Amino acid sequence: MNREPLVMVCTCEMAGRVRGKGFPVRELPGRMGKGVGWVPTNAMINAFSAIPGTPFGTGGDLILVPDPGCEVDVDFADGSAKEHFFLGDIRWLDGRAWELCPREFLRRALAALQDAAGVRLVAAFEHEFTYTGVEDGPGNPYSLEAFRRQGVFAEVFTAALRAAGCEPDSFMAEYGGRQYEFTVDVAEGIRAADRAVVAREMARATAHRLGHRAIFSPVLDPAGVGNGVHIHFSFKDAAGTPVMHDPAGRLGLSGLAQHFVAGILHHQPALCALTAPATISYIRLRPNRWAPTHANLEQQDRAAALRVCPVIPGPNVARQFNVEYRVADGAASPYIALAAVVWAGVDGIRRGLAIPDEGPALPASLDAALDALEASQAARDWMGESFHGAYLMHKRGEAAMMAGLTEAEQCARYAATY
Ligand code: GLU
Ligand code: MG
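These figures come from a predicted structure and were not determined experimentally.

Chemist: Before we move on, could you go through the packing of aromatic side chains and cite the residues and values that matter?
Modeler: Evaluation of the coordinates by the stated rule reveals 22 aromatic pairs. Measuring from ring centre to ring centre gives 5.8 Å for phenylalanine 129 and phenylalanine 153, while their planes differ by 40°; the resulting arrangement is tilted. Of the two residues, phenylalanine 129 is situated in strand β6 (residues 120-131) and phenylalanine 153 in helix α4 (residues 153-163); the sequence distance between them amounts to 24 residues. For the residue pair phenylalanine 129 and phenylalanine 153, the accessibility class agrees, reading buried in each case. The interplanar angle of 15° and the centroid separation of 6.2 Å between the aromatic rings of tyrosine 414 and tyrosine 418 together place this pair among those described as stacked. With respect to class, tyrosine 414 is no different from tyrosine 418; both count as buried. Through pairs of rings, three or more aromatic residues link up here, namely Phe129, Tyr131, Phe147, Phe153, Phe157, Phe171, Tyr180, Phe182 and Phe216.

Structure, rendered in C-alpha cells:
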C-alpha cells in the first residue's frame, strides 16, 4: 500500500492529554512558523472528552506552533507509522502567546525564577505506571520475576526514549501490582517538562505496539498504591554551578533553596489542584501508600510532600543534591505541574519565607484543592485571571462528572483515559 508520512504538532493542556493536529511531512517547512489551527475551547475538553463549561464558547482562533527544538521522530521498525510529532506553543494568530498556553505558563515561571534569584532550574521526572501486558503475581514488588514478565516492553521503550532524545536513566518493577517505574535524565527548564510529556507518550506508544497499555492514572485500585509522578529539581547559577546545597543549611539546603521549598509548602493546598488534578489523586494521597499526606519537607522520607534526596558522599555532593516534589501525578500536564512548583518557590524567595516546623494536612479531595486554588490570590497572579478561571471551570466540571460514582468506578474512568 502506498503511504505518505504525516507529522503532528501537539500540546499538553489542563487535561494532561497530548493533543494536536497532523499534516503531511512535506508541508513541514511552511508549517514551522504558522503551525496548525487551534481553538480556545479545546483547553476545556476534560479527561472524559466532555466540555462541561467553557468561557470561550465556540468562537476564536489560535495557532499551535511547533518548537523546532522539540521534535520527536521515532521509528519502531515494525512497519507501523512513525511516532513523529512536535511539542509546541499556543499563540494568537499574530504570534503573541496565549494566556492559557501551558508551556508559556512554565516559561513565565522560569523567567520569574531567573529574575528573583538569577538561577536556572534543572529537573527530572520519575513516572510510575501500570503495564497491562503482565499478570500480577504474589511477591512481585521489585522482583526480577516482575522485571522479566514485562517481556520486551522495557527494551523497546528504552530504545524509543533514546531515539526521542530523552536519556533513559532507570526502569524497574515497582511495589504495586503490574506497576513499573522509569526515570529519564535531568534537563533544564522547559526541556524537563517536554521530556516528561514525550517519555510518557513513548511508554504509551511502546505498549500500543505490543497490544497493551501503559496507564499513568493516579490510582487503579482504591485499596492499592498509586502511580506517582515525582519531580526532582535543583538550581544552577549563571556559571552552571549547582546552588541548591549548603552543608551547614537546614537539611543541607542553601538559603535560596530553603526559601524556595518554603514557598512550595506555603502554597501546597492550592498547588494540589494543579499537580494532583483528578478526583482520584486524593485516593493516592492517603496514609500508608508511600505517598505524601502533609505539606512537609523531610530528609529521605517517601511519605513527605518534599523529600530531600540522598547523596553519595564525595566530591560531587552539590551536583547530586536535589529535592523531590511528590504531590504530582500523571493526570497533570507536566508543564502546569512544574510551573506551579516554580511559581510557588519564587514566591517563597521573593517573600523570604522560612520552612515551617510542621505542615498542615493536604486537601482531602479535588474539590477542597480547587477551593484553595480559587482562594489563592497568588495563583491568580501567576496564572492570570483568564487561565485561573478557566482552570477552575474545567476541573469543577470534571469533579461534578465523578460525583456519585464509587471510588472504584472513578478509578476505572480515569484508567481508561490516562
Ligand atoms: N507509589 C508511590 C506514590 O504514589 C511512590 C513509591 C516510591 O516512593 O517510589 O507516590
Ligand atoms: Mg517509585
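Chemist: Just give me the short version of the side chain of histidine 230, but keep the residues and values in it.
Modeler: By secondary structure assignment, the location of histidine 230 is in strand β11 (residues 228-236). Among the polar contacts made by the side chain of histidine 230, one reaches the side chain of glutamate 324 at a distance of 3.4 Å. Leave out the neighbours within four places in its chain, and histidine 230 touches Ala124, Phe125, Glu126, Glu128, Arg284, Glu324, Tyr325 and Arg326.

Chemist: Describe the coordination of the magnesium ion (ligand 2), naming the residues involved and giving the relevant values.
Modeler: The protein atoms donating to the magnesium ion (ligand 2) are Glu128 (OE), Glu174 (OE) and Glu181 (OE), with metal-donor distances spanning 1.9 to 2.0 Å. Of note, the magnesium ion (ligand 2) draws all its donor residues from one chain, in the sequence arrangement E-x45-E-x6-E. You can see glutamate 128 sitting in strand β6 and its partner glutamate 174 sitting in the loop between β7 (168-173) and β8 (179-184), a full 46 residues away along the chain. Under the relative-accessibility criterion, glutamate 174 is labelled buried at 11%.

Chemist: For helix α10 (residues 366-375), give the residues involved together with the corresponding values.
Modeler: For α10, the complete set of buried residues consists of Leu366, Ala369, Leu370 and Leu373. Here the buried residues of α10 occupy an arc of 100° about the axis, which is enough to place them on one side. Those residues of α10 that are buried lie in contact with α6 (255-275), α7 (281-284), α11 (377-383) and α12 (385-402).

Chemist: Account for the pattern of salt bridges, naming residues and giving values.
Modeler: Going through the model one piece at a time under the given rule, you end up with 25 salt bridges. As a salt-bridge pair, glutamate 145 and arginine 149 come within 2.9 Å of each other at their nearest N and O atoms. Within this pair, glutamate 145 and its partner arginine 149 are both found in helix α3 (residues 144-149), separated by four residues, close to a single helical turn. Residue classification places glutamate 145 among the partly exposed positions, given a relative accessible area of 32%. Arginine 204 serves as the salt-bridge partner of glutamate 201, at 2.8 Å between the closest nitrogen and oxygen. Taken together, the residues span about one helical turn, with glutamate 201 and arginine 204 both in helix α5 (residues 190-209) at a distance of three residues. Note on accessibility: glutamate 201 and arginine 204 belong to one class, buried. The structure contains a network of salt bridges with shared partners spanning Asp67, Asp89, Arg103, Glu104, Arg107, Arg191 and Asp194.

Chemist: Run through the site of ligand 1, naming residues and quoting values.
Modeler: Surrounding ligand 1, one finds Glu128, Glu174, Glu181, Gly226, Gly228, His230, Arg284, Arg289, Trp290, Ala291, Arg302 and Arg326. One of the side-chain nitrogen or oxygen atoms of glutamate 174 is found 2.9 Å away from an oxygen atom of ligand 1. Between an oxygen atom of ligand 1 and a side-chain N or O atom of arginine 326, the distance comes to 2.8 Å. Burial of ligand 1 by the surrounding chains reaches 93%, relative to a free accessible area of 300 Å². Of the residues in the shell around ligand 1, the class split is two nonpolar, three polar and seven charged.

Quick notes on the rules
Residues numbered from 1 in each chain as written. Chains lettered and ligands numbered in written order. Predicted model: local features only at pLDDT ≥ 70, side-chain atom pairs only at ≥ 80, totals over all residues. Heavy atoms only, no water. Phe/Tyr/Trp six-rings, centres within 6.5 Å; stacked < 30°, edge-to-face > 60°. Helix = DSSP H or I, 4+ residues; strand = E, 2+ residues; numbered from the N terminus. Buried < 20%, exposed > 50% of the residue type's maximum accessible area, 1.4 Å probe, protein only. Polar contact = N/O pair within 3.5 Å; in protein donor to acceptor, adjacent residues only side chain to side chain. Contact = heavy atoms within 4.5 Å. Donors = N, O, S within 2.8 Å, 3.2 Å for Na, K, Ca; no water. Arc of directions from axis to C-beta. Salt bridge = Lys/Arg side-chain N within 4 Å of Asp/Glu carboxyl O. Near = heavy atom within 4 Å. Areas by Shrake-Rupley, 256 points an atom, 1.4 Å probe, with all protein chains shown as cover. Nonpolar A, V, L, I, M, F, W, Y, C, P; charged D, E, K, R; others polar.

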